[in-house]
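Survey of secondary and tertiary structure
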Amino acid sequence: MMSLLPHEPRIVDTARQQVLTERCLLPELPALRTLFLHLRGTIDATLAPRQPVKLGKPYPLGCCAEISLALQQALRDLDPTQLPPAAVAGHAALARFQAAGGTSRRVWGYQRGRGMRHALLIGTLLIDAAQDSSDASLAPVALTPFAQAGLTPLRDHRHFALLAAAEWQAHVYPNHVLPALAPYAPLIVLVPGGSVRLEADAHYMLALARRGGFASSAAVLAMPAMTPALFGAIANVLAQAGFEVAADAPQGRAAALDLCRQYRDAGTRDADARHEATLTTLARANRALQVLQVAARPAG
């Protein structure tokens, strides 16, 4: 069996995790729900004032990633003596579960009808602490058996591009502008009401590109190029920030595809160092691109 990619929604040792979930977690399910509702309340008190609106929508809509990350940190920093009495049993159940070898990690994937989702996978329970980030009418927290949740891994970068277009109403283009990053970040995404971004910088997608010999990246780099005017606007911003950009889309496409082939043929040699350097450079490029704001779509 293949090793897990970062945040991949999959359970490796299902039988053992199911036993531990049934033994430690399911008997305390109401207390666990109370615990996560309490943590969500504390998260809202911090995140809502910090980001009251995202892409034109009020908090918590669109804030699945932020809430999931905050929940993971809240669990690490949790002081059980500060919990309300009804949540104490939930925390104790989690502690017993982890002491017995139960696993807990953040996952990211696609859920039919709800798009790309971040959640916690604790044993064989999927904890969605931001259920209302996609639909304000839903309860904020849901605890669902992972086998019934329907959260599946993204297949490739084309799958990501299709979901971004459907979920965010984004315009998605191949990254012919910055070929040095294209094997790992082969897409340029323009989200109405947001900024221009090189994607996908999710650790899962970066590792997926690498494990597949960059075939996923090469496939989307062959998509139709953006207009020369848009190419020029993005290239100008990145060039001013000190990046080496392609002269035009055909040159960038050729250079990007050539790098995909080089990285594929190099295999694991120097891959770890290149991966870490890519993450740093990608973050710097996306910070530079924040000056390019995309007009929001008109209502209706």
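Just above, that's the structure.
Since the model is a prediction, treat every value here as computed from it, not as a measurement.

Counting across every chain of the model gives 5 aromatic pairs. Relative to Trp168, the ring of Phe160 has its centre 6.1 Å away and its plane inclined at 80 degrees; by these criteria the two rings are edge-to-face. For Phe160, a relative accessible area of 3% gives the class buried. Exposure remark for Trp168: the relative accessible area of 28% places this residue in the partly exposed category. In this structure an aromatic cluster arises from ring pairing among Tyr184, Phe214 and Tyr263.

With that out of the way, let us pick up empty space enclosed by the protein. Scanning all chains against the criterion turns up 1 cavity of 30 Å³ or more. Looking at the lining of the largest cavity, the elements with two or more residues in it are α3 (64-77), β4 (115-122) and β5 (125-128). Classifying every residue of the lining of the largest cavity by side-chain character gives 7 nonpolar, 2 polar and 1 charged.

The subject of this paragraph is the sheet that holds strand β7 (residues 151-152). Strand order in this open sheet of 5 strands is β6-β5-β4-β3-β7, and the pairing throughout is antiparallel. This sheet does not close on itself; its edge strands, each paired only once, are β6 (142-145) and β7. Both strand β3 (residues 104-111) and β4 contribute to a ladder of 8 bridges, which runs antiparallel. Across the sheet, residue Trp108 finds its bridge partner in β4, namely His118.

By volume, the largest pocket amounts to about 1,400 Å³. Taken together, 41 residues form the lining of the largest pocket, with Lys54, Leu55, Gly62, Ala65 and Trp168 sitting closest to its centre. Of all the secondary-structure elements, those providing two or more residues to the lining of the largest pocket are α3, β3, β4, α6 (157-168), β10 (196-199) and α7 (203-211). Across the lining of the largest pocket, the residue classes tally to 16 nonpolar, 14 polar and 11 charged. By volume, the second largest pocket is sized at about 210 Å³. Of all the elements in the fold, those that place two or more residues in the lining of the second largest pocket are α3, α4 (85-99) and β4. Ranked by residue count, the leading element in the lining of the second largest pocket is α4, at 4 residues. Looking at the lining of the second largest pocket residue by residue, the class counts come to 6 nonpolar, 4 polar and 1 charged.

Time to look at the nonpolar core. Core analysis: the largest hydrophobic core is formed by 29 residues, its most contacted members being Leu25, Phe36 and Ile122. Contributing elements (two or more residues each) for this core: α1 (14-25), α2 (29-50), α3, α4, β4 and β5. Broken down by element, the residue count for this core peaks at 6 residues, all from α2. Once residues lying within four places of it in the same chain are set aside, the contact partners of Ile122 are Thr21, Leu25, Phe36, Leu94, Phe97, Thr103, Ser104 and Ile127. Val177, Ile234, Val237 and Val294 belong to the second-largest nonpolar core, a separate cluster that totals 22 residues.

Conventions and cut-offs
- Position numbers for residues start from 1 in each chain and track the written sequence from start to end.
- Note on the predicted model: pLDDT of at least 70 is required for a residue's local features to be given, and 80 or more for side-chain atom pairs to be given and counted; whole-chain, interface and lining totals, by contrast, use all residues.
- For the side-chain quantities, the full set of heavy atoms in the structure was used; hydrogens and water were omitted.
- Only Phe, Tyr and Trp rings take part, Trp by its six-membered ring, and two of them pair if their centres are within 6.5 Å. Stacked means planes under 30 degrees apart, edge-to-face means over 60, and tilted covers everything else.
- For every residue, the accessible area obtained with a 1.4 Å probe (protein chains only) is divided by the maximum for its type, and the residue is called buried under 20%, exposed over 50%, and partly exposed between those limits.
- Cavity means a closed set of points on a 1 Å grid over the protein atoms alone, one where a 1.4 Å probe fits but cannot get out, pocket means an open set with protein on both sides within 12 Å along at least 5 of 7 lines, and lining means a residue has an atom within 4 Å of a point.
- Grid points are joined across faces, edges and corners, and a volume is the space filled by probe spheres set on the points.
- Secondary structure is summarised from DSSP: a helix means a run of H or I of at least four residues, a strand means a run of E of at least two, and numbering begins at the N terminus for each.
- Note on residue classes: Ala, Val, Leu, Ile, Met, Phe, Trp, Tyr, Cys and Pro are nonpolar, Asp, Glu, Lys and Arg are charged, and everything else, Gly too, is polar.
- What makes two strands pair is DSSP finding at least two bridges between them.
- Residues grouped as a nonpolar core are buried Ala, Val, Leu, Ile, Met, Phe, Trp, Tyr and Cys residues, joined through side-chain atoms within 4.5 Å.
- Whether two residues are in contact is decided by their heavy atoms, any of which lying within 4.5 Å being enough.

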